[in-house]
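Single-letter residue listing:
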Amino acid sequence: MIKKGLLLICLVLITSCGSYSSIDTFYNAHKDDNQVTAIRVPRFMLTLVSGISPEMQSLVGNTKDLRYMRFPSATPARTQFLNKQMNGITGNSFIEVFRKNDELKRNVVSIREKRNSVKEILIYNNDNLNGSFLYFNGDFDPVKVREMAKNNEFGKMGDGLIQQFSAQTPGINQ
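Keep in mind that this is a model prediction, so the values were computed, not measured. (Residues numbered from 1 in each chain as written. Predicted model: local features only at pLDDT ≥ 70, side-chain atom pairs only at ≥ 80, totals over all residues. Heavy atoms only, no water.)

Asker: I'd love a proper account of the overall build of the protein, names of residues and values included.
Answerer: The helix and strand tally for the protein stands at seven helices and six strands. Of the regular secondary structure in the protein, the N- to C-terminal order runs α-α-β-α-α-β-α-β-β-β-β-α-α. The proportion of buried residues among the 174 residues of the protein is 39%. If you take every contact in the protein between residues at least 6 apart in sequence, the share linking residues at least 24 apart comes to 59%. Accessible area for the protein stands at about 10300 Å²; split by element, carbon and sulfur atoms hold 54% of it. (Helix = DSSP H or I, 4+ residues; strand = E, 2+ residues; numbered from the N terminus. Buried < 20%, exposed > 50% of the residue type's maximum accessible area, 1.4 Å probe, protein only. Contact = heavy atoms within 4.5 Å. Areas by Shrake-Rupley, 256 points an atom, 1.4 Å probe, with all protein chains shown as cover.)

In structure tokens, the structure reads:
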């Protein structure tokens, strides 16, 4: 009986830890793919990103980890594969704030909460040509996050990140 209990506890711990690192797994698995733009903003550079928009400035003050990735999704099989991977990441541990499905096209905003604050925000978009995700880890106001998701303000941030880093990074031409 004790062995079964310990096995169950270990299984729960492994499952909960596995889902937390899924964004890392996805990022590392696809950052070297062809035609992928991957941006991971270190904490010391977050002040550069705050100039993208007033909304971004309010989020950046509380952000510990910020990542953006844009990847090709030109075939239905690839789109379906990427959609399944993102569904696996958000699975049981994230709360969907917004979702729009149009056949294989996806627009999803998911959050992970702890008590009265949002700890993680994951925005996934796929239009059957390109897919992207924008990921924030920090401490955020849930009312502000829901308002931004409702007004589609997260969608503009990915493009702003690419423009900001293309202008600041030597050797990258848009």
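Asker: Residues and numbers for the pairing of strand β2 (residues 63–72), please.
Answerer: Extensive coverage of β2 is indicated by the burial of seven of its 10 residues. Sheet analysis places β2 next to strand β6 (residues 130–140), joined by nine bridges and oriented antiparallel. Note that in β6 the partner of threonine 63 across the bridge is glycine 138. (Pairing = 2+ DSSP bridges.)

Asker: Residue-level account of the packing of aromatic side chains, with values.
Answerer: For the coordinates displayed, the defined rule picks out three aromatic pairs. Relative to phenylalanine 133, the ring of phenylalanine 26 lies with its centre 5.7 Å away and its plane at 75°, an arrangement referred to as edge-to-face. Highlighted residues: phenylalanine 26 in helix α2 (residues 22–30) and phenylalanine 133 in strand β6, separated in sequence by 107 residues. Of the two residues examined, phenylalanine 26 and phenylalanine 133, each falls in the buried class. An aromatic cluster is present here, built from Phe26, Phe71 and Phe133 joined pairwise through their rings. (Phe/Tyr/Trp six-rings, centres within 6.5 Å; stacked < 30°, edge-to-face > 60°.)

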